[in-house]
Each structure stands twice: as structure tokens, then as C-alpha cells.
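# Survey of secondary and tertiary structure
Each chain is listed here by its residues.
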Amino acid sequence: MRPRPPVKGRGIFSGTGIIVTGLAATLAALIFPVWSYENQSGTGADVLNAQTVATQYGPLSALDQEFLTKVRLAGLWELPAGQQARLKGTTVAVRTAGQHLVEGHTFLDERVREVAAKLGVSLPNEPNDQQKDWLAELNAAQGMDYDRTFANTLRLAHGRVFSVVAQVRAVTQNSLVRELADDANTTVLDHIKILEATGFVDFDALARDMAATGTSAPAAGASAPAAGPGTVVPVTPSPTYTLPPAAASPAPAGT
């Protein structure tokens, strides 16, 4: 008797069945996470939508609100730093950089308070902890050490915020924030150039610091400043450039 050939696999246990089953399982694995992610609360898009508010000037996102806070915070410490550099700088270039900071942040602070008042966004009235530390370092430094500390600290700070300004300008849907980002971009770039013109910027150290801390914008949603308790280190600011409280309304045009 001729022996019977072995029975070929049937159903899902056959070679073809195993392949088909594997493909189906893979497809299900790809589809399920997308479906489950879209239906969960707390995901990126869901959080962004929840934190975006409607205004007559267009949607105001969490990133927009954080940008307003950062512009105000920058003025709260960079303006007095600029005032100090005009007095303590040992070179004309450093004193000139200080003057640019004073003029630029006086202008930006007025602009950000005007925009925030129209959009109903609360702004801080004192620098955050890191900014206070920077002011303390500048206050303690003297002579050529002051020039280097001023140029490198301010250049690092402006480099970090430059990328934030660019991101906000690229994605904001709010017309007031867009205009403020244009002003901030022009001002920050001017400050970067004038700080580099002092000749004290250590570009190798700057690159290491930027790589270590990253240059991306902070996560959306952190619209409140990270200010802590304590007294701002005095830097003898000029009364001419004292920043008014954020709650103050801008003066009407033509006054």
C-alpha cells in the first residue's frame, strides 16, 4: 500500500494562516494605540485645546501666554542689568550694550503690558529665582570680570529666548501676540549682536551651555512665572527706567 502523504496544515495553523494572522495582529496593534490616544483626555492636543482661550484678536494659546510672561520677566532683570552695565562697564562696548538693553526692554515692557492688558493675562512683577541669581552675580563682579560676566550671562539668556520667540511667531494665531513677537525678535537680535560686539562672549562655553540646557520652548501650560520669595538684589537702577507694575494700564495714545 502506498503511504499517504502527510496532512497539510489547515486554517490558522497552516503556513498561510499564520502569516495572515500575524498581519492582522500587527494591523490591530497599530490601529488601537491611535484610537485609544485620540479618545483619552490629557493628551497633547487635548491639553492644548483646553488651555487655548478665544479673544477678539484670535485664539490665545498656553504658549502665547507663557511668551507674554517671559517677555515681562526678561525686562524685570535685563533692564536693571543694562542700567548697571552703563555704570560698571569698563569699556565703551559694554556700556553701549547696557544702553541697548535699557532702551530695548523699556520699549518691550511697555508693549507687553499693553498686550497683556488687552488679552486679560496676568504678568509677574519681579524676576524669577534664576534671574535674581544672575543679578547677584553681576552685582558682585568688578572690573574686567564684570564685563565678561555681563556679556556671557546676557548673551546666553538672549540665545535661549530667541528660539522661543521664533516658535511663537511661527505658530501663534493671535494678532497681538504676533506683533509683539515681531518686536521681540528685532529687539533680541539687536541685543545678541551688541553683546557679541563687546568681544567678551565665549562662544565655546556658550555652545556647551546651550547644548546642556536645550533651546526648545518650555512645555505649554506653565503660564505662571517660577518666581520664589525673597528680595531682588539691588543694582541701583535709574529712576528714569523703573518698570511700573504689570497691572498698570498703558497710557492712552497721544498723552
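Residues numbered from 1 in each chain as written. Predicted model: local features only at pLDDT ≥ 70, side-chain atom pairs only at ≥ 80, totals over all residues. Heavy atoms only, no water.

For the rest of this paragraph, the subject is helix H5 (residues 129-140). Between the first and last C-alpha of H5 there are 17 Å, a value that for 12 residues agrees with the 16 Å anticipated at 1.5 Å per step. If you check which residues of H5 are buried, you get Gln131, Lys132, Trp134, Leu135 and Leu138. Relative to the axis of H5, the buried residues are bounded by an arc of 160 degrees and lie together on one face. Buried positions along H5 lie against helix H3 (62-88) and helix H6 (143-171). Measuring from the side-chain oxygen of the N-cap residue of H5 to the backbone nitrogen of Gln130 gives 3.2 Å; that N-cap residue is Asn128. (Helix = DSSP H or I, 4+ residues; strand = E, 2+ residues; numbered from the N terminus. Expected span 1.5 Å × (residues − 1). Buried < 20%, exposed > 50% of the residue type's maximum accessible area, 1.4 Å probe, protein only. Arc of directions from axis to C-beta. Contact = heavy atoms within 4.5 Å. Polar contact = N/O pair within 3.5 Å; in protein donor to acceptor, adjacent residues only side chain to side chain.)

Quick look at the nonpolar core now. Within soluble globular proteins, side chains that are nonpolar generally end up buried alongside one another. Grouped together as the largest cluster of nonpolar side chains are 22 residues, with contacts concentrated most on Trp77, Ala81, Leu138, Tyr146, Phe150, Leu154 and Leu195. For this core, the secondary-structure elements that each account for two or more residues are H3, helix H4 (92-119), H5, H6, helix H7 (175-196) and helix H8 (203-213). Examining the composition of this core, we find that 6 residues originate from one element, H6, more than from any other. Setting aside chain neighbours within four positions, we find Trp77 in contact with Pro127, Gln131, Trp134, Leu135, Leu138, Thr153, Leu154 and Ala157. Listed in part, the 20 residues of the second largest apolar core include Leu108, Val115, Val121 and Val164. (Core = buried A, V, L, I, M, F, W, Y, C linked by side-chain atoms within 4.5 Å.)

Another aspect to go through is empty space enclosed by the protein. Taken as a whole and judged by the stated rule, the model has 1 cavity of 30 Å³ or more. Of the pockets and cavities examined, the largest cavity occupies roughly 80 Å³. Forming the boundary of the largest cavity are Phe67, Lys70, Val71, Ala74, Glu78, His105, Leu108, His158, Val161, Val165, Ala184 and Val188. In terms of residues, the lining of the largest cavity owes the most to one element, H3, which gives 5 residues. Split by residue class, the lining of the largest cavity holds 8 nonpolar, 2 polar and 2 charged. (1 Å grid on protein atoms, 1.4 Å probe; cavity = no way out; pocket = protein on both sides within 12 Å on 5 of 7 lines; lining within 4 Å. Points joined across faces, edges and corners; volume = space filled by probe spheres on them. Nonpolar A, V, L, I, M, F, W, Y, C, P; charged D, E, K, R; others polar.)

This part takes up the confidence of the model for the chain. Summary statistics for the chain give a mean pLDDT of 76 and a share of 64% for residues scoring 70 or more. Across residues 26-44, where pLDDT falls below 50, the model places 5 contacts with residues more than four positions away in sequence or in other chains. Residue range residues 247-255 is modelled with pLDDT below 50. Its contacts to residues more than four positions away, or to other chains, number 3 contacts. (pLDDT = per-residue confidence, 0-100.)

For the structure on display, the rule yields 8 salt bridges. Measuring nitrogen to oxygen at the nearest pair gives 3.9 Å for the salt bridge that ties Glu114 to Arg111. Taken together, the residues span about one helical turn, with Glu114 and Arg111 both in helix H4 at a distance of 3 residues. Residues Glu126 and Lys132 are paired through a salt bridge, measuring 2.9 Å at the closest nitrogen-oxygen approach. Judged by relative accessible area, Glu126 falls into the partly exposed class, the value being 28%. (Salt bridge = Lys/Arg side-chain N within 4 Å of Asp/Glu carboxyl O.)

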